[in-house]
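Given next are the chains, with one letter for each unit.
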Amino acid sequence: PVLGEGTHTFWVRVIDGAGNTGPATSTTRTVDTTAPTTTPTIVSGPSAQTNQATASFSFAGAVGGETYVCSLDSGAYTACTSPRSLSSLADGSHTFRVALVDAAGNQGPAASQTWTIGTSAPTAVPTVTPSQGGATNDTTPSFALSGGVSGGTFECRVDGGAWTTCVNPYTVSPALA
């Protein structure tokens, strides 16, 4: 018969050809088909966009003997522990998943985090308007910036100064001498 949830005892004994019954022995098994309902929490992981081909995830949420299983992209779930380090990852979008598994092997719902790796520098060359040189009496000129990359930012600098994040349009500040 199909056994329901709970603990069941299986008994066995031997009867010989003459009908004599030997001693019985038993084993107990617990049927558990109910998956954990708790979704683990991803405590830390990589930024949404990174130039690192490695990633490390910390996660929590196991209670009462549950263990973790992890999956990268559409790969199979395998046993894992927190923190989980990944290396030699290819450029592009990746999704990390972690779920809880109980002692019977039932897997609960997964938490996931998606991030994008880009290890190559952008090839886009920004455009500055106006681009012509020449004399001016404007000590805080403004420039229109274009030609960036999706999700990217601009950095600007004046003369030999430090590179700093700048927005479009960029107005020189502090005023030029």
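Predicted, not measured: the structure shown is a model, and the values here were computed from it.

**With respect to the overall build of the protein**
So, point 1. Along its length, the protein carries zero helices and 15 strands.
So, point 2. Looking at the protein as a whole, 20% of its 177 residues are labelled buried.
So, point 3. Of all intrachain contacts in the protein linking residues separated by at least 6 positions in sequence, the fraction that spans at least 24 positions is 49%.
So, point 4. In the form shown here, the protein has an accessible surface area of approximately 11,700 Å², with 54% of it arising from carbon and sulfur atoms.

**Details of unusual backbone geometry**
So, point 1. S82 connects to P83 through a cis peptide bond whose omega is 0°.
So, point 2. On the secondary structure map, P83 appears in the loop between β7 (78-80) and β8 (84-86).
So, point 3. With an omega dihedral of 0°, the bond running from S173 to P174 counts as a cis peptide bond.
So, point 4. Tracing the chain through its elements places P174 in the segment after β15 (170-171).
So, point 5. Of note, S88 is a non-glycine position whose phi angle comes to about 55°, a positive value.
So, point 6. Take S88: it is sitting in the loop between β8 and β9 (92-101).
So, point 7. One non-glycine residue, D159, lies in positive phi territory at about 55°.

**Quick look at the nonpolar core**
So, point 1. Ranked by internal contacts, the top residues of the largest apolar core, which has 15 residues, are F57, F59, F96, V98 and W115.
So, point 2. The set of elements that each furnish at least two residues to this core consists of β5 (55-60), β6 (67-72), β9 and β10 (107-117).

**Considering the packing of aromatic side chains**
So, point 1. A complete count under the given rule lists four aromatic pairs for this structure.
So, point 2. Centroid distance F57 to F96: 4.0 Å. Interplanar angle 10°. Geometry classified as stacked. Placement of the pair is F57 in strand β5 and F96 in strand β9, with a sequence separation of 39 residues.
So, point 3. Plain terms: the ring middles of F59 and Y68 are 4.9 Å apart, the flat faces sit at 70° to each other, and that makes the pair edge-to-face.
So, point 4. You can call F59 buried: its relative accessible area is 5%.
So, point 5. Exposure remark for Y68: the relative accessible area of 13% places this residue in the buried category.
So, point 6. Put simply, the rings of F57, F59, Y68, F96 and W115 pair up and form one aromatic cluster.

Reading the values: rules and limits
Residues numbered from 1 in each chain as written. Predicted model: local features only at pLDDT ≥ 70, side-chain atom pairs only at ≥ 80, totals over all residues. Heavy atoms only, no water. Helix = DSSP H or I, 4+ residues; strand = E, 2+ residues; numbered from the N terminus. Buried < 20%, exposed > 50% of the residue type's maximum accessible area, 1.4 Å probe, protein only. Contact = heavy atoms within 4.5 Å. Areas by Shrake-Rupley, 256 points an atom, 1.4 Å probe, with all protein chains shown as cover. Core = buried A, V, L, I, M, F, W, Y, C linked by side-chain atoms within 4.5 Å. Phe/Tyr/Trp six-rings, centres within 6.5 Å; stacked < 30°, edge-to-face > 60°.

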